[in-house]
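Residue-level structural notes
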Amino acid sequence: MSAVVLDSVSKVYPGGQRAVADLSLEIADGEFFVLLGPSGCGKSTTLRMVAGLEEITTGGLWLDGRLANELTPRERNVAMVFQNGALYPHRTVRDNIGFPLEIARADQAEASARVVEMARALGIDPTLDRLPGTLSGGQRQRVAMGRAIIREPAVFLMDEPLSNLDAALRTDLRVEIGGLVRGLGVTTLYVTHDQVEALTLADRIAVLRDGFLEDVGTPPQIYESPATAFVAGFLGAPQINLLAAVPEAVPGEGVVLHLGTQRLVIPWTDPRAEHVAGHHAATVILGIRSDALRPTGDPHLGPVLSGGIRTLEYHGHEWLAHIDAGVTVVDAAEVGRRVRPEPAAAGRSSGGMAGRALSLLRGGRREAAGPEPAPHVGSHRRAELLARLHSRDGYGQGSHVHLAVDLERVLIFGRDGHRVDPVLR
Ligand code: ADP
Ligand code: MG
């Protein structure tokens, strides 16, 4: 039986803001399920509707087979951890963690043993007699988590519990949460905008955008075979190369994809050829991850894209080459967008989210794959292709580089951002 079912759930806030649109999800008993998406896409609203903190406008919420729309938060038997795990400031760590057991009037000796056990599992047992004000951010978040878990709720809800911590702590706590929650086997709905958290923690991920569900699947499904160009662009670092191409079906050869003056050929033996041939002379979008590009000395052997290196960035374990290749970059944030952002919301997110602003700036000649042109932001022109180099190997600014393309890993999307070939889940 599915532990949590959302059946065409929508949320319209009193001001008329539609935060969640027709969302259907089935979360299995014991599953670690992650809601992923950029700021403002409706993740918290969804979580709060499951918790009973926000009314559901239309649609059905089922918890453990029971229609739950009208149940109070307490009746739902869920526990929630927020970004700033709010603690009772005048209670010790011990009393904070034990609070839910106190409310439930659990046996005292048993409860105190359980609190100690929980604190040990979370690595905060030395802090048991301290007040929250004397703890670090990471310790406070552990206490909040302990308090949520201790009652063993039917569903565990977490809203960006790690996003206020610094990078090293975030990684530590991420690994611990994964282990702890899995050990308990409690159904978990975890919200984050961080694709690394989603990929590393989830059994399955749902990607939201502007309140709509873009894709749902296991981490490898979402990463290797995303349903849309937006999802491809949201997962993975460095960001996937999204390039405009014009397909030409050539009998005997295959589908020739024209990228400016360059070309890649999908042979007819490739099952994708037939699908992309249906877009003959239209525009498609190629998704090529930087690790599907490998420098080669021989531009005539197999599929190759070539260009001049504009910038080489040192990343320690590798070099990242920004390459001008005379191709047209597509903006993942804009492809196939179903709603326009409100002016206020757009201003907020481009101010606050560097990634978003960068993706808008990426590429000089830009292809708007949707019906409306992509917004023009600034005049700064970024390079068109990102590729990883294992060593600097005689490459430098201005050097010409040939990149062998791993054709099998090239993703092909239509102008609307949806994959041209069937997406298997
Ligand atoms: P996320 O958690 O993904 O960042 P939210 O669920 O918080 O997104 O918000 C989704 C959308 O709903 C946003 O456009 C946000 O501005 C709007 N929103 C959130 N809370 C309210 C509210 N209480 N009243 C009106 N609009 C809201
Ligand atoms: Mg949120």
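Everything here concerns the structure above.
None of the values given here were measured: they were computed from a predicted structure.

To continue, consider the sheet that holds strand β7 (residues 155-159). What holds strands together in a sheet is hydrogen bonding between their backbones, with the strands either parallel or antiparallel. The mixed open sheet is built from six strands, whose spatial order is β6-β7-β8-β3-β9-β10. Unpaired on one side and paired on the other, β6 (78-81) and β10 (212-217) mark the two borders of the sheet. Across this sheet, the average inter-strand angle for adjacent strands is 15 degrees, counted without regard to direction. Packing of helix α1 (residues 43-51) onto the sheet brings it into contact with β3 (32-36), β6, β7, β8 (187-192) and β9 (204-209), and relative to β7 it is tilted by some 150 degrees.

What surrounds ligand 1 is a group of twelve residues, the closest being G40, G42, K43, S44 and T45. A distance of 2.8 Å separates an oxygen atom of ligand 1 from a polar side-chain atom of S44. Within the side chain of T45, a nitrogen or oxygen atom sits 2.5 Å from an oxygen atom of ligand 1. Alone, ligand 1 offers 560 Å² of accessible surface; in the complex the protein occludes 65% of this. The element best represented in the shell around ligand 1 is α1, accounting for three residues. Partitioning the shell around ligand 1 into residue classes produces four nonpolar, six polar and two charged.

Okay, the packing of aromatic side chains next. Note on aromatic pairs: each is described by the distance of the centres and the angle between the planes. Inspection of every chain in the model, using the stated rule, returns four aromatic pairs. Arranged with centres 4.9 Å apart and planes meeting at 50 degrees, the rings of Y314 and W319 form a pair that is tilted. Directly above the ring of Y88 sits R91, whose terminal nitrogen or CZ lies 5.8 Å from the centroid. Over the face of the ring belonging to F212 we find R338, whose NZ or CZ atom lies 4.0 Å from the ring centre.

For the rest of this paragraph, the subject is the nonpolar core. When a protein is soluble and globular, its nonpolar side chains tend to lie buried together. Within the largest apolar cluster, 43 residues are counted, with the highest numbers of intra-cluster contacts made by I97 and F156. Among the elements that line this core, the one with the most residues is helix α5 (residues 137-149), at five residues. Formed jointly, this core draws a minimum of three residues from each of two domains, domain 1 (4-227) and domain 2 (230-337 + 373-413). With residues up to four places along the chain from it excluded, the contact list for F156 reads A79, V81, M145, A148, I149, V181, V186, T187, T188 and L189. Core analysis: the next-biggest nonpolar cluster, separate from the first, contains 35 residues, L243, I323, L407 and I412 among them.

Across the interface, α5 lies against helix α6 (residues 167-184) with an axial gap of 11 Å and an inter-helix angle of 10 degrees. With respect to each other, α5 and α6 are oriented roughly parallel. α6 is crossed by α5, and the crossing has right-handed handedness. Residues G138, Q141, R142, M145 and I149 of α5 form the contact with α6, whose own contacting residues are L169, D172, L173, E176, I177, L180 and L184. The residue inventory of the contact of α5 with α6, partitioned by class, reads seven nonpolar, two polar and three charged.

Each value, and the rule that gives it
Residues numbered from 1 in each chain as written. Chains lettered and ligands numbered in written order. Predicted model: local features only at pLDDT ≥ 70, side-chain atom pairs only at ≥ 80, totals over all residues. Heavy atoms only, no water. Pairing = 2+ DSSP bridges. Helix = DSSP H or I, 4+ residues; strand = E, 2+ residues; numbered from the N terminus. Axes fitted to C-alpha atoms, helices over the stretch in contact; angles between N-to-C directions. Contact = heavy atoms within 4.5 Å. Near = heavy atom within 4 Å. Polar contact = N/O pair within 3.5 Å; in protein donor to acceptor, adjacent residues only side chain to side chain. Areas by Shrake-Rupley, 256 points an atom, 1.4 Å probe, with all protein chains shown as cover. Nonpolar A, V, L, I, M, F, W, Y, C, P; charged D, E, K, R; others polar. Phe/Tyr/Trp six-rings, centres within 6.5 Å; stacked < 30°, edge-to-face > 60°. Lys NZ or Arg CZ within 6 Å of the ring centre and 35° of its normal. Core = buried A, V, L, I, M, F, W, Y, C linked by side-chain atoms within 4.5 Å. Buried < 20%, exposed > 50% of the residue type's maximum accessible area, 1.4 Å probe, protein only. Domains from an automatic or database assignment. Parallel < 35°, antiparallel > 145°, perpendicular 65-115°, else oblique. Left-handed = near helix turned anticlockwise from the far one by under 90°.

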